[in-house]
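# Descriptive structure summary
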Amino acid sequence: MSKPVRIFWRIFFGGFAFVIVLLAMLNFGWIGSMPDLDDIENPSASLASQVFAEDGTLMGKYYIEDRINVQYKDISKHIVEALIATEDERFYDHSGIDAKSLGRAIVYLGREGGASTITMQTAKNLFTENWSTKNFILRALQKIKEGIIAVKLERNFTKEEIITLYLNTVAFSDNVFGIRNATKTFFQKEPDRVNVEEAAVLIGMLKGATLYNPRRNPKLSLDRRNTVLNQMVRNNYLEASVAEQLKRQPIELNYKKLDETTGLGPYFRMILGEEMKKWCKENTKNNGDQYDLYRDGLKIYTTINPRMQLYAEEAVAKHMSYMQKLFNTQENIRTGSIWKGFESNLEQAIKQTDRWKNLKREGLSDEENMRTFYQKVPMRVFAWNNSRGMDTTMTPYDSIKYHKQMLQAGFMVMDPLNGQIKAWVGGIDFKTFKYDHANINTKRQVGSTIKPLLYSLAIEEAGLNPNSPVQDIQQNFGQYGLVPATSKTCTGATIPMAIALAKSRNCASAYIMKQLDNTANNGAKRFVEFLEKCEMKTKIDPYPSIALGACEISLYEMMQAYSMFPGRGFNAKPMYITRIEDRNGNVLATFTPQRKEVINDVTAYSVIKMMQGVLTNGTGAGIWGYGIPGGLQVAGKTGTTNNNSDAWFMGYTPQYLAGGWVGCDDRFIRFNSKNGEGGRAAMPIWAYFFNKAAADPNCGIDTKLSFVKPEVMSNDIIIDYINGTNPVLGGEGEDMGTGTSEDYEIPKNIQPEELGAESDIIIDNKKPTTPPVIPPSNLPKTAEKPKAVLPPPVKKPGGNK
C-alpha cells in the first residue's frame, strides 16, 4: 500500500472516529448541556397561568412567555397542512433528520434552504432556548445536538404529538407563544375554527415572526401568506383555483392581546397575582420545587362574576368622568392654587418618577434634572375618553400635577353570606394609575360609615334600640376632651337613635359612645375590641372620636365588617379564589367560605331598618334619583370626612353588599363644596351598578326579596320615625364629616381640670341647613322612595355577643 493511500485511510478512519466520539460526547452532554431521557419523554415549556371568572371566562394571564397548550384534535387541519407544506414537506417520511434537506444545505451553504425539520425545530424550542450564537462552529455543534434530540423525539412520540409540541412552543411575535394564543390574539378564534387563509397568515409568520407580523407589516404578511398558499397547492393540500381566489382577499385581523392592562378586572388581577405569589412560595411540587406563577401554567378559578365586574367598571367610569368635570371647574383646581403650600409634595413626586431616576443614572445633577421637568415635551396623558388617553405637549411638572388632580375611586361587590367577591375596581384606569384603592393596604378615614358598627354595639351592650332617645349634644370625655371638637353641628335635640343614624348626627353618635362609657368604663376601647371582632386588622387607637369615623380603614375591611348586617349577624371573610389547578387539571387547593357570628340577628335586622331610613329620609335619600329598580330593598350609609377629603357609601340588598370610596390620593386635593359628600361623590356609583346588575338575569338579583325579620321580634305596631320629617332636623340630612384632627386631643385652650360636666357645655341650637342631594340633571327620577319602618323595642334574646 502506497504512502498516500495509507495517509488517506488514516485521515478517513481518524475523521470517522472523531465524528463518532464527537457525537457520543454531544449525546451524553460532555460538550454542553443535553436533556436526559426523562426530559425528552416528558417535555415541558414555560406556560402562562390563567385566571378564570366564576363562569369559566378567561380574565387574564400571568406569564413570561404567553403560552397556552392545546391538543392535536383541537388544531385545524388547515394549520397542520400549511405547516407541513411550508416547513417540512417530507415530515411523514423521515425520522427527525431529512437527508435530502441536509445535503442541500451543506452543498449550497443554506442559500437554497435550511436543513431543519419540524422535529428539529421542536427540539430547539423545547431544549435549546438559550443556544443563541453567531459563531459558525458553535452553531454547527448546536445543529448536531438538535438532530440528536430530534431522533430521540421521533422514537418517543408520534408525528401528531410532535406537531402538537411544535405548535405549542413556537413564537408568533408580540410575546405570543403557541398556536392557541396566536389564533386568539390575531383572530379571536380557537385554533380549530381557523380557516385556510388565516392558517396561512399564522404559518407564514414562522419564517420571521416580527417581519411577517400582519399587524406591523401587512404588505409583507400578505405576500408571505400567498407564498404559503402556493406551497399548499404544490403539496396537494389546496386546489389551485381556490388558492387564487384566496390570494385576492385582504387579511382580516381581529387583533386583541390580553395583557395586564386589558381584560376584566386588571386591578383585581394585580392583587390576585400578589396573593398567588405568596401561595407559590408556601406550596411545593412533588419534586420539592416551589410553584412558579409565570411558568407552571396554573389555572386559578375565582369568584368574580364577569357581568358584575363589567357593570362595576362601567359605573365607576360613568360617574367619575362626570365628577371630574365638576372638579375641574372648581376655582383652585382651575387656577392651580390648590398647590400653594404643597410644593414639597410635587418635588417628592418628581423624584419618584422613572424620568428622574433614569436621568440620575445618566449622571445629571439634581439641578440639571429638575430643569428638564419644566421643558415641554410630547406625551400621552390620561383623559376621560374612549381610549382613556390623549396626546399632548406639556412639561413633565405639569403632567404630574394634572394626574394628581384626578379623582380616584375604589368599588367592590360581595356576597355577604359567603364572602365571595363578585366585582373589584381599584381605580379609574389601571394603565395609568396602578395604585389599588380597594385592597386591604389602602386605608382612608371612613367618616360616618363607622356609625352603623357603633350603633350595633350600642344595641348589643348598652341596651339601646332604634327607638331609644339619644341627645344630639356635644360630649365631654374627660381627658380626651370634647367630641365633636365644636358644637356648631349639634342641635341640642333629643331624637330616636334611628333618626340620629339617618341624619348622620355626629353629636348623637358621641352621645352613644358615651353610653358605652357608662357600661364598659372605656367605650372607645370596647368599640375597638368590637371592630377587631369584626376582623378589622387595622390598628385603631381607642379615642372617642372614632365614633365619628376619625380613623383610617380599608374598603376591604369595611366590606367584611358590613357583611354582618345582610348576613343576619354573621361576618363573612372576603374570598376571591375557589380553587387552583396545575397545568394538567389536577386540583392543588380549594377554598371555602369563612363565617363567624358577631351580633345576633335581632341587632342585625334593627340596624338594617335604620340604614333603610338613611336612604328614605336621610343623607342617602338622593339615591332614588339614579334609577334604582322599584321593589329592590336597599339599605346603606353615606360617609364624608373632614373637608370632603374622602367620600364613602356602603350599601346592600338582601343578596349583595357593595361599597365605594372616592377621593384624591393627596388629601389636600378635594372638593370645597357639597359635591364632595358621600351622597354625591360615592353613592351614585353604587346606584349605577345595581341599576344595571338588577336588570341582567346573569347577575341573579331578585328584586322581590326582602330582608328576613327574625321570628323572635314582636309584631306589635311599629312606630315610623323615618318617614316623618323631624321638626328640629328637617328633611333630608347631610354628612357632618369627622371633624378635624383636634378631635383626637383636648382643645389647646382647655386644660383637663377645666373640663366641666355636660350641663356646662354650651349648645348651639341653630337649625342646620340641609339642602337636598341633587343627582345629575340628565338622570331621570324613576323610582319612589319605599316606605321603611322600624321594629319596636324588643327584649334582646340571649346568645353570642
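Here the structure is shown first, and the text comes after it.
Structural notes, computed from the coordinates. Note that the structure is a prediction, hence the values are computed from the model and not measured. In this convention, every chain numbers its residues from 1, walking through the sequence in written order. Restriction of local features to residues with pLDDT of at least 70 applies here, the model being predicted, together with a cutoff of 80 or more for giving and counting side-chain atom pairs; totals for whole chains, interfaces and linings are based on all residues. Values shown for side chains rest on all heavy atoms present in the structure; no hydrogens or waters enter the calculation.

### Focus on empty space enclosed by the protein
- Computed over the protein atoms alone on a 1 Å grid, cavities are sets of points where a 1.4 Å probe fits but cannot get out and pockets are open sets with protein on both sides within 12 Å along at least five of seven lines; a residue lines them when it has an atom within 4 Å of a point. Grid points are joined across faces, edges and corners, and a volume is the space filled by probe spheres set on the points. Following the criterion strictly, the structure yields 2 cavities of 30 Å³ or more and no others.
- What the largest cavity holds in volume is close to 60 Å³.
- Together, 13 residues line the largest cavity, and L407, N644, V662, G663 and F671 are the ones closest to its centre.
- Only runs of H or I of at least four residues qualify as helices and only runs of E of at least two qualify as strands under DSSP, and these elements are numbered from the N terminus. Where the lining of the largest cavity is concerned, the elements lending two or more residues are β21 (646–652) and β22 (657–663).
- Classifying every residue of the lining of the largest cavity gives 7 nonpolar, 4 polar and 2 charged.
- Forming the boundary of the second largest cavity are H437, T442, R444, I553, S554, L555, W648 and W661.
- Note on residue classes: Ala, Val, Leu, Ile, Met, Phe, Trp, Tyr, Cys and Pro are nonpolar, Asp, Glu, Lys and Arg are charged, and everything else, Gly too, is polar. Residues that form the lining of the second largest cavity fall into these classes: 4 nonpolar, 3 polar and 1 charged.

### Some details on the pairing of strand β20 (residues 635–640)
- Any residue under 20% of the maximum accessible area for its type is buried, any over 50% is exposed, and the rest in between are partly exposed; the area is computed with a 1.4 Å probe on protein chains only. Among the 6 residues in β20, 6 count as buried, and that is most of the element.
- In β20, alternate side chains face the same way, and those of A635, K637 and G639 on one face and G636, T638 and T640 on the other are all buried.
- Sheet topology note: the β20/β21 ladder contains 6 bridges and is antiparallel. Note on β21: the bridge partner recorded for A635 is Y652.
- For two strands to pair, DSSP has to find at least two bridges joining them. Connecting the antiparallel pair β20 and β21 is a turn made up of 5 residues, with N643 showing a positive phi of about 60°.

### Let's talk about the pattern of salt bridges
- Between Lys or Arg on one side and Asp or Glu on the other, a salt bridge is scored when a side-chain nitrogen of the former is within 4 Å of a carboxyl oxygen of the latter. Counting across every chain of the model gives 35 salt bridges.
- Note that E190 is salt-bridged to R180, the shortest N-O span being 3.0 Å. One end of the pair, E190, is in the loop between α8 (179–187) and α9 (196–204); the other, R180, is in helix α8, and 10 residues separate them in sequence.
- The residue K351 makes a salt bridge to E347 at a minimum N-O spacing of 3.5 Å.
- Connected via shared salt-bridge partners are D174, R215 and R216.

### Some points on the state of the cysteines
- Whenever a pair of cysteine sulfur atoms sits within 2.5 Å, that pair is classed as a disulfide. Evaluated as defined, the whole model comprises 1 disulfide.
- Covalent S-S linkage joins C490 and C507, the inter-sulfur distance amounting to 1.8 Å. Here the disulfide of C490 and C507 is left-handed, its torsion about the S-S bond being about -75°. Taken together, the residues span a long stretch of sequence, with C490 in the loop between β13 (482–483) and β14 (494–496) and C507 in helix α21 (residues 506–520) at a distance of 17 residues.
- Of the residues examined, C490 reaches a relative accessible area of 0% and is grouped as buried.

By themselves, these figures tell us nothing about what the structure is for.
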